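Each chain, written out:
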Amino acid sequence: MNTELTKEEFLLLVMLYAASIDGRIQPEEWQSIRGKYDAETIQRMHRQFEKMKDAEILECIEHNKHHLLPTDADRQQFVADLHHLVDADDKNSPMEVYLLNLVEQLLS
């Protein structure tokens with residue numbers, strides 16, 4: 001699996017992962033994603049995301065986070081974007097909050 005991603009691909013992959021934490025990407029979350037990325041990139045990264053296991057996604061995050069989000073400010077802004085994405089459907093289960101916090105820790 002290709003773990004060498006552009007910054008845009010990496011951010012989108014992590015957004016797809018965060019949005020799917022509750023089991024499926026909600027329509028409101030898709031709308032938020034579509035507002036940030038072009039359709040071709042979304043389709044390509046969604047296909048890649050669908051083929052990846054959790055361990056591969058987590059490894060990809062670990063491998064890319066520091067060179068694609070080099071500063072604390074970059075990472076904090078992206079974490080805020082993830083929270084905004086997950087909040088798009090106005091439903092936050094305890095599992096969703098817990099897993100999003102784990103992704104946030106992984107990005108640190």
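Residues numbered from 1 in each chain as written. Predicted model: local features only at pLDDT ≥ 70, side-chain atom pairs only at ≥ 80, totals over all residues. Heavy atoms only, no water.

Remarks on the nonpolar core
Counting residues in each nonpolar core, the largest one holds 33 residues, and the members touching the most others are Phe 10, Leu 16, Ile 33, Phe 78, Leu 82 and Leu 107. Looking at this core, the elements that each hand over two or more residues are α1 (7-19), α2 (27-34), α3 (39-51), α4 (54-68), α5 (72-86) and α6 (94-107). Top contributing element to this core by residue count: α1, with 10 residues. (Core = buried A, V, L, I, M, F, W, Y, C linked by side-chain atoms within 4.5 Å. Buried < 20%, exposed > 50% of the residue type's maximum accessible area, 1.4 Å probe, protein only. Helix = DSSP H or I, 4+ residues; strand = E, 2+ residues; numbered from the N terminus.)

Considerations on the packing of α1 against α4
Where α1 contacts α4, the two axes come as close as 10 Å, and the packing angle between them is 140°. By the criterion of interaxial angle, the relationship of α1 to α4 is oblique. Helix-helix and strand crossings are classified by hand; for α1 and α4 the assignment is left-handed. Side by side, α1 and α4 meet where Lys 7, Phe 10, Leu 13, Val 14 and Tyr 17 of the first sit next to Asp 54, Ile 57, Leu 58, Cys 60, Ile 61, Asn 64, Lys 65 and Leu 68 of the second. Class assignment for the residues of the contact of α1 with α4 results in nine nonpolar, one polar and three charged. (Axes fitted to C-alpha atoms, helices over the stretch in contact; angles between N-to-C directions. Parallel < 35°, antiparallel > 145°, perpendicular 65-115°, else oblique. Left-handed = near helix turned anticlockwise from the far one by under 90°. Contact = heavy atoms within 4.5 Å. Nonpolar A, V, L, I, M, F, W, Y, C, P; charged D, E, K, R; others polar.)

Description of the environment of Thr 71
Mapped onto the fold, Thr 71 is located in the loop between α4 and α5. Spatially, the C-alpha atom of Thr 71 lies 9.8 Å from that of Ser 108, the residues being 37 residues apart in sequence.

Considerations on the environment of Ile 42
You can see Ile 42 is positioned in helix α3. Separated by 13 residues in sequence, Ile 42 and Ala 55 place their C-alpha atoms 21 Å apart. Filtering out sequence-adjacent residues up to four positions away, Ile 42 remains in contact with Leu 12, Trp 30, Ile 33, Arg 34 and Tyr 37.

A short note on the confidence of the model for the protein chain
Chain-level statistics for the protein chain give a pLDDT mean of 89 and a share of 97% at 70 or above. Looking at the elements of the protein chain, mean pLDDT is at its lowest for α6, recorded as 83, and at its highest for α3, recorded as 96. (pLDDT = per-residue confidence, 0-100.)

Notes on a nonpolar patch on the surface
A surface patch of nonpolar side chains, amounting to about 310 Å² of accessible area, comprises Met 95, Tyr 98 and Leu 102. By the secondary structure assignment, Tyr 98 is in helix α6. (Patch = residues over 30% accessible without salt bridge, like charges linked within 9 Å, V, L, I, M, F, W, Y side chains within 5 Å. Areas by Shrake-Rupley, 256 points an atom, 1.4 Å probe, with all protein chains shown as cover. Salt bridge = Lys/Arg side-chain N within 4 Å of Asp/Glu carboxyl O.)

Observations regarding the packing of α1 against α3
For any two helices packed against each other, one specifies the inter-axial angle together with the distance between the axes. Between α1 and α3, whose axes approach to 10 Å, the crossing angle comes to 60°. In terms of axis orientation, α1 runs oblique to α3. Crossing angle aside, the handedness with which α1 passes α3 is right-handed. On α3, the residues that touch Glu 8, Glu 9, Leu 12, Leu 13, Leu 16 and Tyr 17 of α1 are Thr 41, Ile 42, Arg 44, Met 45, His 46 and Phe 49. In terms of residue class, the contact of α1 with α3 is made up of seven nonpolar, two polar and three charged.

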